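Architecture at a glance
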Amino acid sequence: MARMALREIIVLPDKRLRLVSEPVAKVDSGIRKLVEDMFETMYDAPGVGLAAIQVAEPKRIITADIARKDEPKQPQVFINPEILWSSDEQSSYEEGCLSIPHLTANVRRATAIRVECPLPTSTIRRGLAWRTTWYQNSASPEQNVVFARVGASGSEESANTD
């Protein structure tokens, strides 16, 4: 088995974060290697999710592990994800982004969504509000919507820095 590699997480104001990610046409050895590298990078950061654009790969791929600290790891990969439905009901959670270090903001997002993608097909249901929020946050960079632009008031001024 090939050794995974840490990749550099690019941060704002890097213009590559503004690129629109392209769909993955075929899952080949290059994509599998990218996914493995993304997991290693995400765990090392540490983070709960990472979009390929955050490691300068404008591809529609998200890696995630939204297990709580007291739970076993639950790595997931989303390739070409699409949010097909989102509830009108919203909740607000404090969010951050690995590409915008030391910045958090309260962001309102749908409490339930339905996500589909070729590998794996995923449905995130009501009752997993934090996990639903996480997915919407992680999907933002790969759809060229940078976290800081979707803060509670829609501006970077709504963000908190530490």
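Residues numbered from 1 in each chain as written. Predicted model: local features only at pLDDT ≥ 70, side-chain atom pairs only at ≥ 80, totals over all residues. Heavy atoms only, no water.

1. Let's talk about the overall build of the protein
How we decide: Think of it this way: any DSSP run of H or I at least four residues long counts as a helix, any run of E at least two long counts as a strand, and we number them from the N terminus. Note on classification: 1.4 Å probe, protein chains only; a residue is buried when its accessible area is under 20% of the maximum for its type, exposed when over 50%, partly exposed between these limits. The contact rule is simple, with two residues in contact once any of their heavy atoms fall within 4.5 Å. Where accessible areas are quoted, they stem from the Shrake-Rupley method and a 1.4 Å probe; at the residue level, only the protein chains shown are allowed to cover.
Looking only at helices and strands, the protein has two helices and nine strands in total. Along the protein, helices (α) and strands (β) appear in the sequence α-β-β-β-β-β-β-β-β-α-β when read from the amino end. Within the protein, the fraction of its 162 residues that count as buried is 44%. Of the contacts formed within the protein by residues at least 6 apart in sequence, a portion of 64% connects residues at least 24 apart. Entry remark: accessible area of the protein is about 8,900 Å², with carbon and sulfur atoms responsible for 52%.

2. Here we look at the pairing of strand β5 (residues 90–97)
Along any regular strand the residues' side chains alternate between the sheet's two faces. The test is simple: We treat two strands as partners when DSSP finds at least two bridges between them.
As defined by bridge partners, β5 adjoins strand β6 (residues 100–110) across eight bridges and the pair is classed as antiparallel. Directly across from Ser91, in β6, lies its bridge partner Arg109. In textbook terms, the turn of a hairpin is the stretch between consecutive antiparallel strands, and for β5 and β6 this stretch comprises two residues.

3. Overview of the pattern of salt bridges
Any two side chains of opposite charge can pair, given that their charged atoms come close. Using the following cut-off: By convention in these notes, a salt bridge is any Lys or Arg side-chain nitrogen within 4 Å of a carboxyl oxygen on Asp or Glu.
This model, assessed by the stated rule, comprises six salt bridges. With a shortest N-O distance of 3.2 Å, Arg7 and Glu57 are connected by a salt bridge. Remark: Glu57 occurs in the loop between β1 (49–51) and β2 (61–64) and Arg7 occurs in the segment before α1 (29–44); sequence separation between them is 50 residues. On the basis of relative accessibility, which here comes to 22%, the residue Glu57 falls in the partly exposed class. The partner of Arg60 in a salt bridge is Glu82, and the shortest N-O contact between them spans 3.7 Å. Within this pair, whereas Arg60 is found in the loop between β1 and β2, its partner Glu82 is found in strand β4 (residues 82–86), the two being separated by 22 residues in sequence.

4. Observations concerning the sheet that holds β2
Defined as follows: Throughout, an axis means a line fitted to C-alpha atoms (over the contacting stretch in the case of helices), and angles, computed between N-to-C directions, take values from 0 to 180 degrees.
Pairing is antiparallel across the open sheet formed by three strands, whose spatial order is β1-β2-β3. Two strands bound the open sheet, and with one partner strand each, they are β1 and β3 (76–79). Averaged over all pairs of adjacent strands, the angle between strand axes in this sheet comes to 15 degrees, irrespective of strand direction. The pairing of β1 with β2 spans three bridges and is antiparallel. Of the residues in β2, the one forming a bridge with Ala51 is Ile62.

5. Let's talk about the environment of Asp44
Locating Asp44 in the fold gives a position in helix α1. On the accessibility criterion, Asp44 (52% relative accessible area) is exposed.

6. What to know about unusual backbone geometry
Geometrically, the link from Leu12 to Pro13 is a cis peptide bond, its omega value of 15 degrees lying close to zero. As for its placement among the helices and strands, Pro13 is situated in the segment before α1. Following Ala45, the chain continues into Pro46 via a peptide bond in cis, with omega recorded as -15 degrees. The backbone phi angle of Asn80 is positive, close to 55 degrees, even though this residue is not glycine. Within the secondary structure, Asn80 sits in the loop between β3 and β4. Accessibility expressed as a relative area gives 15% for Asn80, which makes it buried. Look at His102: it is not a glycine, yet its phi comes out positive at around 65 degrees.

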